[in-house]
Amino acid sequence: MGIERPAGEVGAGLQSAIVVAIFRTYEEMKKEGAIFAIEEPEVFLHPQKARYFQTVLDGLSEAGNQVFLTTHSPIFVQVHKPESVVIIRRTTEQGTQACQDQACNLTDSEREALRLLTEFDAERKELFFAKAVLLVEGATEKVALPLAFKSLDHDINRLGISVVEVGGKTKFPLFVRVLKALKIPYAVLADYDIKSIDENIPESKKNQITANNSKHKRWNKEIERICENGSLFWMKPNFESELGLPKNENEKIDKAMEKFVHATKKDIPQSLTAPIEFILAKVRPC
């Protein structure tokens, strides 16, 4: 059943839905050469509808139109196209500044990997809005680090810090390149993953460990190459082992929460305090 009332007489949510429909209609007409300017397209839209609107606007852009928008929503920014983003910041010392990267050095396959990682994960896109970003490897670190900050009497939301889980060690260089391109301060907390070889274990097991060590050494070298100015912090051999967490995927997140939810300052090990202090220095006044 349709609604036959003037747009000005319906609620703000329905008005936003009408706007989405108008843009969708223009996209279906396959026209090009238009310039669209939109302020906060996310207003009054549910997350699902906002994501749909983002795909409509992206389609208009790909069809040869120019789309300019201002937003406070991670949904409307795209990690795999950092050169399309302009970050506006205002400070007392420097006033208002705009930061835009003209050509982030990403291959097509890397852009596709970032697109898939972030398409349905607005939390990863938060990095565009953060004053500083702590990159971590997986879900266990993603859960534990904000609690560790809290134990040290720091509220990451008040400070504008995002803890971003990148989806595995191999994705660190991609996210670091995006952060560096947009001049967003960062730190990386990564598993070193190099294991010692016990001479008493079977030869087949030795060969497997050697092969895994070789793989991790290559990635460790790449992570060390891309990180600058002391921004890289290793967990040796890995986060779970250093903090005494179980290796079982079904247990370690729950155990991490138990370990840190009521932790005090003295309970936070130096391996976590160091990257936390590093990232805090990027957002605290000198």
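Here is a short report on the structure shown in this document. (Residues numbered from 1 in each chain as written. Predicted model: local features only at pLDDT ≥ 70, side-chain atom pairs only at ≥ 80, totals over all residues. Heavy atoms only, no water.)

## Concerning the side chain of K206
Mapped onto the fold, K206 is located in helix α8 (residues 203-226). Residues in contact with K206, not counting those within four places in the same chain, are I197, D198, E199 and I201. (Helix = DSSP H or I, 4+ residues; strand = E, 2+ residues; numbered from the N terminus. Contact = heavy atoms within 4.5 Å.)

## Comments concerning the side chain of H216
Along the chain, H216 falls in helix α8. Within polar-contact distance, the side chain of H216 engages the side chain of K169 at 3.3 Å. With residues near it in sequence (within four places) discarded, H216 still touches K169, Y192, D193 and I194. (Polar contact = N/O pair within 3.5 Å; in protein donor to acceptor, adjacent residues only side chain to side chain.)

## Quick look at the packing of helix α5 (residues 139-151) against helix α10 (residues 249-261)
Remark: α5 packs on α10, axes separated minimally by 9 Å, with the N-to-C direction vectors making an angle of 5°. Accordingly, the angle class assigned to the pair α5 and α10 is roughly parallel. From α5, A139, T140, V143, A144, L147, A148 and S151 reach across to α10, where they touch K252, I253, A256, M257, F260 and V261. For the contact of α5 with α10, the per-class residue count stands at ten nonpolar, two polar and one charged. (Axes fitted to C-alpha atoms, helices over the stretch in contact; angles between N-to-C directions. Parallel < 35°, antiparallel > 145°, perpendicular 65-115°, else oblique. Nonpolar A, V, L, I, M, F, W, Y, C, P; charged D, E, K, R; others polar.)

## Comments concerning unusual backbone geometry
For the bond running from K236 to P237, omega is -5°, close enough to zero to count as cis. When you line up the elements, P237 lands in the loop between β8 (232-235) and α9 (239-242). In this structure, F44 takes a positive phi of about 65° despite not being glycine. Along the chain, F44 turns up in the loop between β1 (35-39) and α2 (47-62). Its identity as a non-glycine residue notwithstanding, D153 has a phi of 70°, on the positive side. A residue is classified by how much of its surface remains accessible, and D153, at 56% relative accessible area, is exposed. (Buried < 20%, exposed > 50% of the residue type's maximum accessible area, 1.4 Å probe, protein only.)

## Some words on the packing of aromatic side chains
How two aromatic rings sit relative to each other is set out by the distance from centre to centre and by the angle between their planes. All chains considered together, the criterion is met by five aromatic pairs. When the ring of F23 is compared with that of F36, the centres are 5.2 Å apart and the planes differ by 55°; the resulting orientation is tilted. In this pair, F23 is assigned in helix α1 (residues 12-28) and F36 in strand β1, connecting sequence segments 13 residues apart. Relative accessible area serves as the criterion here: at 13%, F23 is assigned to the buried category. Under the relative-accessibility criterion, F36 is labelled buried at 13%. The ring centre of Y192 lies 4.6 Å from the NZ or CZ of K236, which sits over that ring. (Phe/Tyr/Trp six-rings, centres within 6.5 Å; stacked < 30°, edge-to-face > 60°. Lys NZ or Arg CZ within 6 Å of the ring centre and 35° of its normal.)

## A word on the packing of α5 against helix α11 (residues 270-283)
At a closest axis distance of 11 Å, the pairing of α5 and α11 adopts a crossing angle of 75°. Taken together, α5 and α11 sit at an angle that is classed as roughly perpendicular. Between α5 and α11, the contacting residues are L145, A148 and F149 on the first element and L272, I276, I279 and L280 on the second. Classifying every residue of the contact of α5 with α11 gives seven nonpolar, no polar and no charged.

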